Amino acid sequence: MRPIPKRRVRKKENPLKTLFKLLFKLAFTLAFFAAFIYYILPYNFANYFEPMLLNRFLNRNINFNAKEYINPTAKYLSNSSFMNERLLVPTRHSRAQMVALAPSSRFYELEDKLTMLSLKYPQIEPAIYVWDYSKSRSVEINSNELYSSASIIKLPILVELLRYSESLKKATDKPIDFHKKLQFNEIYRTSGSGSLQYEKAGNEYSINHLASIMIQSSDNSATNMLLEQIGGMEGLNSAVRKWGLESTQMSNWLPDLKGTNTISAKDMATLLYNIENPKFLNSNSKYLIQQYMSNVHNNTLIHAGLPKKAEFIHKTGDIGTMLGDAGIVYAPSGRKYIVVILTKRNFNDYSARDFIQQASSLIYKSVIEDNISY
């Protein structure tokens with residue numbers, strides 16, 4: 001037989017102690033709800049719920065923008081616009097208008113030589129992209145890193161100006177007339193490179209002349225005049241996203257002395273590669289680009305490291321903390337290659353120029369002469 005279990009006798013709690021526990025829980029709950037109602041609820045209602053939900057019905061002038069609350073970086077990070085709203089949209093690579101660079105191999109031996117050269121300039125941080133047309137091979141050193149664009153941003157501005165003209169011709173049979181004259185006003189006058197800043201307001205200049213001095217003498221005032229023709233910074237940013245460029249971004253009108261406008265070596269190499277893409281630019285646009293870029297006044301960078309018989313179309317960029325050059329080299333033998341060299345440097349450190357010249361010479365010997373001794 002099983003033994004009868006003993007009954008557990010519940011001890012009687014002190015009624016006062018039980019009452020104290022209940023009162024403590026009730027006081028804590030009331031304090032929490034009081035704080036929520038008095039502090040948290042009014043703050044959230046006044047700052048979030050009322051502006052977002054009630055402002056459209058009450059038509060109150062409340063200084064709140066729900067879009068800025070949801071996407072606070074839209075003020076200074078944008079690459080497109082719609083209905084006068086600045087937007088940040090992803091790049092759609094599958095619909096990119098440019099042909100991407102797809103090297104069949106990497107020229108590692110030249111990369112090693114350039115890396116060894118850069119060790120002699122520890123104060124310089126280089127980014128390099130080289131595309132050898134004949135062998136479809138590339139040299140890539142920090143090629144996807146963001147660098148200040150300086151005046152190299154004028155190259156995509158020129159390309160978009162020409163593409164915009166082409167699109168108008170297709171849509172309305174009235175492209176931008178490069179002989180059309182634009183009036184130079186004080187709003188466009190800016191410091192830095194170029195002589196247009198010293199001219200009298202009210203003077204008129206053809207688009208062809210402005211494009212020429214924008215590239216050849218890197219005129220900042222002319223650049224701002226042409227930038228307005230393509231929809232300003234937002235127009236350019238929207239265009240480069242459609243092209244498929246990931247790092248090119250314009251955030252400031254010229255001169256951009258703080259270096260907020262950005263590019264990458266690979267972006268600029270891709271842009272140069274597509275100058276000869278007939279689906280991207282027509283033959284007339286290609287001709288104009290080559291004419292503008294073959295007469296750049298600054299020949300102290302990549303050009304200085306090339307033999308005299310070599311031809312070079314390019315665009316340079318120079319601000320205190322960045323020095324760079326980007327272009328296409330045409331050798332007397334008929335071979336050609338794209339070369340982009342960007343450098344981050346100490347303010348106005350001229351050793352960056354020496355590095356670019358020596359790197360240019362090394363690249364030419366390696367790509368054209370197949371001689372990588374240095």
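Refer to the structure presented above.
Now for a description of the structure that goes with this document.

Basis of the calculations
Residues numbered from 1 in each chain as written. Predicted model: local features only at pLDDT ≥ 70, side-chain atom pairs only at ≥ 80, totals over all residues. Heavy atoms only, no water. Buried < 20%, exposed > 50% of the residue type's maximum accessible area, 1.4 Å probe, protein only. Helix = DSSP H or I, 4+ residues; strand = E, 2+ residues; numbered from the N terminus. Polar contact = N/O pair within 3.5 Å; in protein donor to acceptor, adjacent residues only side chain to side chain. Pairing = 2+ DSSP bridges. Contact = heavy atoms within 4.5 Å. Axes fitted to C-alpha atoms, helices over the stretch in contact; angles between N-to-C directions. Salt bridge = Lys/Arg side-chain N within 4 Å of Asp/Glu carboxyl O. Patch = residues over 30% accessible without salt bridge, like charges linked within 9 Å, V, L, I, M, F, W, Y side chains within 5 Å. Areas by Shrake-Rupley, 256 points an atom, 1.4 Å probe, with all protein chains shown as cover. Lys, Arg positive; Asp, Glu negative; His and termini not counted. Phe/Tyr/Trp six-rings, centres within 6.5 Å; stacked < 30°, edge-to-face > 60°. Lys NZ or Arg CZ within 6 Å of the ring centre and 35° of its normal. Parallel < 35°, antiparallel > 145°, perpendicular 65-115°, else oblique. Left-handed = near helix turned anticlockwise from the far one by under 90°. Nonpolar A, V, L, I, M, F, W, Y, C, P; charged D, E, K, R; others polar.

### Re helix α6 (residues 220-229)
α6 sits mainly inside the fold: 8 of its 10 residues count as buried. Among the residues of α6, those classed as buried are Asn220, Ser221, Ala222, Thr223, Asn224, Met225, Leu226 and Leu227. For α6, the side-chain oxygen to backbone nitrogen distance between the N-cap and Ser221 is 3.0 Å, and the N-cap itself is Asp219. At the exit of α6 stands Gly231, carrying a positive phi of roughly 95 degrees.

### Notes on the sheet that holds strand β12 (residues 336-344)
Taken together, 6 strands build an open sheet; the order of strands is β3-β5-β4-β12-β11-β10 and the sheet is mixed. Of all strands in the sheet, those with a lone pairing partner are β3 (105-106) and β10 (311-319), marking the two edges. Pairing analysis gives 5 bridges linking strand β4 (residues 125-132) to strand β5 (residues 137-141), with the strands arranged antiparallel. From the neighbouring strand, Tyr129 faces β5, where its bridge partner is Glu140. Here helix α8 (residues 265-273) sits on the sheet in contact with β4, β11 (322-330) and β12, set at roughly 150 degrees to β12.

### A few points about the pattern of salt bridges
Tallied over the full model, the rule gives 7 salt bridges. The shortest N-O distance in the salt bridge between Arg189 and Glu186 comes to 2.9 Å.

### A word on a nonpolar patch on the surface
There is a patch of nonpolar side chains on the surface, built from Leu19, Leu23, Leu26 and Leu30 and spanning about 390 Å² of accessible area. Summarising the element assignment, Leu30 is placed in helix α1 (residues 15-58).

### Regarding the side chain of Asp256
Tracing the sequence through the fold places Asp256 in the loop between α7 (232-243) and β9 (262-263). Although Asp256 is buried, it makes no salt bridge; Lys258 carries the closest opposite charge, 8.3 Å away. Polar contacts involving the side chain of Asp256 include one to the side chain of Thr260, which spans 2.8 Å.

### A look at the packing of aromatic side chains
Under the defined criterion, the tally for this structure stands at 5 aromatic pairs. Ring geometry for Tyr133 against Tyr273: centres 6.0 Å apart, planes inclined by 25 degrees, an arrangement best described as stacked. Of this pair, Tyr133 sits in the loop between β4 and β5 while Tyr273 sits in helix α8; the two residues are 140 residues apart in sequence, bridging distant segments of the chain. Through a chain of ring-to-ring contacts, the aromatic side chains of Trp131, Tyr133 and Tyr273 assemble into a single cluster. The cationic tip of Arg137 hangs over the ring face of Phe107; the distance from NZ or CZ to the ring centre is 3.8 Å. Lys344 extends its terminal NZ or CZ atom over the ring of Tyr147, reaching a point 4.5 Å from the ring centre.

### Points about the packing of helix α5 (residues 207-216) against α6
The N-to-C vectors of α5 and α6 enclose an angle of 130 degrees; their axes lie 8 Å apart at closest approach. With respect to their mutual orientation, α5 and α6 come out oblique. Judged by the sense of rotation from one axis to the other, the crossing of α5 with α6 is left-handed. Of the residues in α6, those in contact with Ile207, Leu210, Ala211, Ile213 and Met214 of α5 are Ala222, Thr223, Met225 and Leu226. By residue class, the composition of the contact of α5 with α6 is 8 nonpolar, 1 polar and no charged.

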